[in-house]
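# Analysis of the macromolecular model
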Amino acid sequence: MSLSAQDIAEMMEDTDVDEMVELGHDLIFSILERTPIDVVKAKVDAGGPLWFQDDEGISALHAAVYVENTELVRFLIQNGALWNAVDNQHNSPGDIALSLNNEGCYTIIRDAGIRSELLLTLLASRETLSNSPLSLVLKATDTTAAGSTESYLASRLRFEKDAHGQEICLLTLEDEDEVGVMMGWERGIKTVRLLCHDHENLNEGLKVLNVGFGLGIIDTFFEELPRTPAQHVIIEAHPDVLKHMRELGWYDKPHVKILEGKWQDFIESEELLGVGGFDVIYTDTFSEDYKELHNFFGHLPDLLAGPESRFSFFHGLGATNATFYDVYTHVSELHLAEVGMDVSWSDVDVFADSGKRVSSLTRSLRLRFHTSSSPMFVILYPADVWASRIPAVTRTASRYFKKGLEWIWLIVSFAALIAAPVAVYFVALHSLPDDDNSDDNNNNDHDRDRFDDDDRNSFDRYWKARLISFATWIALMVVVFVPMHMWKNHGKRVVNQMLINWENEDRAVRGPNAPLPTLRMKSPGVISKHIKLSVNIPPMAPSMYNPGSNVPPVSLRHCSYMMTSCTDDIKQYIANGPMDPAAARYYGQQPPQNVGQWGPPPTSAQATQGGAGFGGVPLYNPHDERVPGYSAPTLAYSDEKNPFEDVKV
Ligand SMILES: C[S@@+](CC[C@H](N)C(=O)[O-])C[C@H]1O[C@@H](n2cnc3c(N)ncnc32)[C@H](O)[C@@H]1O
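Positions within a chain are numbered from 1, following the residues in the order the chain's sequence is written. Owing to the predicted nature of the model, reporting of local features is limited to residues with pLDDT of at least 70; listing and counting of side-chain atom pairs is limited to 80 or more, with chain, interface and lining totals taken over all residues. Values reported for side chains reflect all heavy atoms of the structure, with hydrogen atoms and water molecules removed beforehand.

An unreviewed UniProt entry lists the protein under the name RMT2 domain-containing protein, from Hermanssonia centrifuga.

Encoded structure:
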């Protein structure tokens, strides 16, 4: 049989791939086996592929982090290991280092990420350099309204109230999926207070600029400052939002100037620059990526009034992953420093607001959580999911709590349990025939002996009465408590069935191996206002190589606010708090689900998988912006900026 040239080429290619796969496996195995570092280095020098990921998505860098070998991590990074490759559990090596509290490994990886993203930014801004075949820039190719400004501006928006009575702005995507452009819970974020309250020009009236009206939360806060802004400029691009603004009377405020269109259209215009320097600038747009935000940064020196001026923006950069978020926080910080901004951060407790909403919805029961571990279970759900489920649990459980009736039942039961046996006792005593030998001095009816001395088979009358009384008490106990127990238990079953249904729903969405907490309600107490939910938090995707090491938890909170001069960030719960306190605040992000297929990836695919990379980083995380009422964690669904495509430039 003769083989064609193509057959031979294909065979050779197959052989090469097989060889690479073997080398890749061998390299990972050696690292996990803690083979001396010189041997590992020799294997890398001999062609061990650093881009290779095994069936679990583990790369050599992941493996080096698992064995916490800082020197090896540095060596692999220096030799081209991909800092942002994610494994099948969607964890990058940095995430694993975080979960292991390994500051050394984490910092090396994060810094590699920062360098790489800064470099990509630079390359992208220099046409000539970016033409190099060595550079790869990620570009968002999501053409839906969630990922493309043009589609977004052409789409219809709906302003309505959510289940909690909060105003929301919804956008229906082509696949009928609904994305919240802005959710009311963000009212709890005190950005404006932080930006303005200690500003030296506050009493004269600040000059403020807000890009993106949305629900007008930020703009309303500006208007509610102790002194109304002297000049309040709003740039808004969407016609439906502009219509809504008109209906709300924003056009009638003399000090408010509304610029209709994209900020890109005004940023260098006399209409905007003519207003003069701004004391405070805030930007929070939709469906734009980091490239646009970076572009906006570049105009800040022209827009801000002076050294006291402040700027803040909505920060959801790379927010689907702890490491990527951290990298982009640093990247944006560096980019802001480039335009002369000092950056500081502060925490915002966004749960405070959702907590209020939840408690206002609970009718008569309050929830108490009894967890065996940390409160990090909260971070396994997006905020809206959590906020919609907890009231449902309390509402349902409340049906099995009737305070008044339970008090009456309790008082009557106790009274009956005391009175009835006593009454029965006397009735029985008088009704029962006298003992045969009641005249026997040694054995009257009142003695302590249960039996007649003469007749051991004859039961004393008093003891008979006591026995009957006791039997009555037992019967009453059964009659009184069993129905109550059954009723409460039924409540427990109903709520737990609901929790199981949600769990199944989540599992269907997130896959059978997704780390999902198991919530179970204990039986509601009698006249107790509390229901108890026990929460079992699964170990987060233990590695087959290092079963004790949990990879990082996923997060409820996906977005945070970054501000320059004064900054909001999100409070997060940390399973194993990283030793690097600076890293801690970035921790707890939801890993992206839009990961590609596993196996040896193309050299650029890793950043795509994480959704990170210049120009491809979502500014928002859609999971936070879901419609309330949607119940399953939305992890498997669209990221605003997905899918990405690798584009060689
Ligand atoms: C997330 S909302 C802003 C929410 C707002 N910060 C608030 O307090 O309610 C984003 C807003 O930015 C607007 N937007 C999106 N792209 C824009 C652009 N290029 N220029 C101006 N506005 C834009 C959207 O129409 C939307 O109203």
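Having seen it, we continue.
This brings us to the packing of helix H2 (residues 37-45) against helix H4 (residues 70-78). Fitted lines through C-alpha atoms serve as axes, helices being fitted only where they are in contact, and the angles separating the N-to-C directions of these axes extend from 0 to 180 degrees. Numbering goes from the N terminus for both helices and strands, where a helix is a DSSP run of H or I of at least four residues and a strand is a run of E of at least two. Their axes nearest at 11 Å, the elements H2 and H4 cross at an angle of 15°. Viewed along their axes, H2 and H4 adopt a mutual orientation that is roughly parallel. Crossing angle aside, the handedness with which H2 passes H4 is right-handed. For the pair formed by H2 and H4, the contact residues are Ile37, Val40, Lys41, Val44 and Asp45 on the first element and Glu71, Leu72, Phe75 and Leu76 on the second. Gly counts as polar in this scheme, as do all residues outside two lists: the nonpolar Ala, Val, Leu, Ile, Met, Phe, Trp, Tyr, Cys and Pro, and the charged Asp, Glu, Lys and Arg. Class assignment of the residues belonging to the contact of H2 with H4 gives a composition of six nonpolar, no polar and three charged. Roughly parallel here means an angle under 35 degrees, roughly antiparallel means over 145, roughly perpendicular means 65 to 115, and every remaining angle is called oblique. A clockwise turn of the near helix away from the far one marks a right-handed crossing, whereas an anticlockwise turn of less than a right angle marks a left-handed crossing. Only heavy atoms matter for contacts: two residues are in contact if any of them lie within 4.5 Å across the pair.

Once that is clear, we can look at the nonpolar core. The set of buried Ala, Val, Leu, Ile, Met, Phe, Trp, Tyr and Cys residues whose side-chain atoms join them within 4.5 Å is what this entry labels a nonpolar core. The buried label applies to any residue whose accessible area, calculated with a 1.4 Å probe on protein chains only, is under 20% of its type's maximum; exposed applies above 50%, and partly exposed to all values in between. Ile31, Leu76 and Leu272 are the most contacted members of the largest nonpolar core, which has 64 residues in total. In this view, leucine 272 contacts Leu209, Val233, Ile235, Leu259, Phe266, Ile267, Phe278 and Leu303; residues no more than four positions away in its chain are not counted. Ranked by size, the runner-up nonpolar core spans 19 residues in total, among them Cys169, Val241, Trp250 and Ile258.

Time to look at H4. Taken residue by residue, H4 has Leu72, Val73, Phe75, Leu76 and Ile77 as its buried positions. A positive phi of about 100° marks glycine 80, the residue just after H4.

The positions UniProt marks with the feature "repeat: ANK" (unreviewed entry) are residues 56-88. Along residues 56-88 the backbone is 48% helical and 0% strand, and the end-to-end C-alpha distance reaches 5 Å. UniProt positions are given in the numbering used here, feature names are shortened, and annotations may be inferred rather than shown by experiment.

The nearness test applies per residue and asks whether one of its heavy atoms lies within 4 Å of the molecule or strand. The full set close to the ligand counts 23 residues, and Tyr152, Leu215, Ile218, Glu236 and Glu288 are the nearest of them. By the criterion applied in these results, polar contacts are pairs of N or O atoms within 3.5 Å in which, for protein atoms, one can donate a hydrogen and the other can accept it, and in which residues neighboring in sequence qualify only through two side-chain atoms. In the environment of the ligand, an oxygen atom lies 2.5 Å from a nitrogen or oxygen atom belonging to the side chain of tyrosine 152. Contact distances for the ligand include 3.4 Å between a nitrogen atom and a backbone N or O atom of alanine 237. Note that accessible areas follow from Shrake-Rupley with a 1.4 Å probe, and for residues the cover is restricted to the protein chains shown. Contact with the protein chains removes 100% of the 600 Å² of surface that the ligand exposes when unbound. Listed by contribution, the elements that provide at least two residues to the shell around the ligand are strand S4 (178-182), helix H10 (217-223), strand S6 (231-236) and helix H12 (263-266). When grouped by side-chain class, the residues that make up the shell around the ligand number 12 nonpolar, seven polar and four charged.

So, on to the UniProt feature "transmembrane region" (unreviewed entry) in the protein. With numbering aligned to this structure, UniProt lists the feature "transmembrane region" (unreviewed entry) at residues 407-428 and 467-487. The straight-line gap between the two end C-alpha atoms of residues 407-428 is 31 Å; of that span, 100% is helix and 0% is strand. The span residues 467-487 shows a helical share of 100% and a strand share of 0%, and its end C-alpha atoms are spaced 30 Å apart.

Turning our eyes to something else, we now look at a negative patch on the surface. Together, Asp16, Asp18, Glu19 and Glu22 make up a region of like negative charge exposed at the surface. By secondary structure assignment, the location of glutamate 19 is in helix H1 (residues 5-32). Only residues whose relative accessible area exceeds 30% and that take part in no salt bridge are eligible for patches, with like-charged residues grouped when within 9 Å of each other and nonpolar side chains (Val, Leu, Ile, Met, Phe, Trp, Tyr) grouped when within 5 Å. Each reported salt bridge corresponds to a side-chain nitrogen of Lys or Arg within 4 Å of a carboxyl oxygen of Asp or Glu. Only four residue types enter the charge count: Lys and Arg as positive, Asp and Glu as negative, with His and the chain ends excluded. Each charge is placed at NZ for Lys, CZ for Arg, CG for Asp and CD for Glu.

Describing an aromatic ring pair means giving the distance of the ring centres and the angle of the ring planes. Two rings from Phe, Tyr or Trp (for Trp, the six-membered ring) form a pair when their centres are within 6.5 Å of each other. A pair whose planes differ by under 30 degrees is stacked, one over 60 is edge-to-face, and the rest are tilted. Under the definition given, this model contains 15 aromatic pairs. Geometrically, the ring pair formed by phenylalanine 297 and phenylalanine 311 is edge-to-face, given 5.9 Å between the ring centres and 80° between the ring planes. Highlighted residues: phenylalanine 297 in helix H14 (residues 290-303) and phenylalanine 311 in strand S9 (residues 310-315), separated in sequence by 14 residues. Judged by relative accessible area, phenylalanine 297 falls into the buried class, the value being 1%. With relative accessibility at 0%, the residue phenylalanine 311 sits in the buried group. Relative to phenylalanine 481, the ring of tryptophan 409 has its centre 5.2 Å away and its plane inclined at 90°; by these criteria the two rings are edge-to-face. With tryptophan 409 in helix H18 (residues 403-431) and phenylalanine 481 in helix H19 (residues 461-510), this residue pair connects regions lying 72 residues apart in the sequence. Judged by its relative accessible area of 17%, tryptophan 409 is buried. Three or more aromatic residues joined by ring pairs make a cluster, and in this case those are Trp263, Tyr290, Phe296, Phe297, Phe311, Phe313 and Tyr328.

A side chain with one charge can pair with a side chain of the opposite charge if their charged atoms come near. Tallied over the entire structure, the rule returns 12 salt bridges. Note that glutamate 260 and arginine 246 form a salt bridge whose closest N and O atoms lie 3.4 Å from each other. Here the residue glutamate 260 occupies a position in strand S7 (residues 256-260), and arginine 246 occupies one in helix H11 (residues 239-247), the gap between them amounting to 14 residues. Of the charged contacts in the structure, one is a salt bridge between lysine 488 and glutamate 406, with a shortest N-O distance of 2.7 Å.

With that settled, the discussion passes to the confidence of the model for the protein. Confidence of the prediction at every residue is given by pLDDT, a number between 0 and 100. Averaged over all residues, the pLDDT of the protein is 71; the fraction at 70 or higher stands at 62%. The low-confidence segment residues 351-379, where pLDDT is below 50, has 74 contacts with residues more than four positions distant or belonging to other chains. Note on residues 540-649: pLDDT is under 50 here. Beyond four places in sequence and across chains, it has 424 contacts.

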